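Coordinates in review
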Amino acid sequence: MTKHNGSGNAGLSHPVPVAHVPPKGMTVKIEANEKERTLLAANHELLSVDSFTADFLITRWKKDGIKLRGHIEAQIVQACVATLEPINATISEEVDTVFVPENSRLARIRLDESGEMLIDAEGPDMPETFEGDRIDVGAVAEEFFELALDPYPRKAEADYVEIIEDDEDEDTSDIKPDSPFAGLAKLRDKN
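1. Side note on the sheet that holds strand β6 (residues 128-130)
With respect to topology, five strands assemble into an open sheet ordered β2-β3-β4-β5-β6, the strand pairing being mixed. Sheet topology places β2 (26-31) and β6 at the edges, where each strand pairs with a single neighbour. Adjacent strand axes in the sheet meet at a mean angle of 25° when their direction is disregarded. Note that strand β4 (residues 65-79) and strand β5 (residues 86-101) share 14 bridges and pair antiparallel. Across the sheet, the residue bridging to I72 is E93, located in β5.

Structure follows, in structure tokens:
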């Protein structure tokens, strides 16, 4: 789990005090400046980040917890994995996560009788933890931003080109391709 207290090396940092969140919650709006967008592009191997905004609502969750809900919007330029040409893309990602203090019993991992971790694939995620009285919502926004990125961006018109290296110096007429059954055939022939 990532600790969200504003002390990391995130490209986007926006620590928010959460010790006294009003009953109706508080809103936080992040709009990345030129320096932050350049750092985001460098951290995530993008050609550029043209815009980045995040809107969050921070509310209390149970006794000590914090619920963070919101939306991230970004305009980015990535390199095509086939042609290295620039590709414009839009990131639009919903954020819905819960934080608890690191010493909270809600942050403990549940184990069964044999000591194995219990995970419900369809259930809610485990709460994230934070130290002190601040949560770095900028770092949270950057994490969700990274999860929304296409890891293999490809232009629609980029063609697949198969590269076949032909060595004219070698005589390959007597070389047969390996078959997964060739080893079994040899064993059968021995018996």
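2. With respect to helix α2 (residues 137-148)
Compared with the 16 Å implied by 1.5 Å per residue over twelve residues, the 17 Å span of α2 between its first and last C-alpha is a close match. Taken as a whole, α2 has its buried residues at V137, G138, A139, V140, A141, E142, F144 and F145. Residue D136 occupies the N-cap position of α2, its side-chain oxygen lying 3.1 Å from the main-chain nitrogen of G138.

3. Regarding helix α1 (residues 34-43)
Of all the positions in α1, only R37, L40 and A41 are classed as buried. The buried residues of α1 occupy an angular sector of 100° when projected down its axis, which confines them to one face. Across from the buried face of α1, at angles greater than 90 degrees, the exposed residues are K35 and A42. On its buried side, α1 packs onto β3 (48-61) and α2. Regarding α1, its N-cap is N33, as a side-chain oxygen of that residue lies 3.1 Å from the backbone nitrogen of K35 further along.

The rules behind each value
Residues numbered from 1 in each chain as written. Predicted model: local features only at pLDDT ≥ 70, side-chain atom pairs only at ≥ 80, totals over all residues. Heavy atoms only, no water. Pairing = 2+ DSSP bridges. Helix = DSSP H or I, 4+ residues; strand = E, 2+ residues; numbered from the N terminus. Axes fitted to C-alpha atoms, helices over the stretch in contact; angles between N-to-C directions. Expected span 1.5 Å × (residues − 1). Buried < 20%, exposed > 50% of the residue type's maximum accessible area, 1.4 Å probe, protein only. Polar contact = N/O pair within 3.5 Å; in protein donor to acceptor, adjacent residues only side chain to side chain. Arc of directions from axis to C-beta. Contact = heavy atoms within 4.5 Å.

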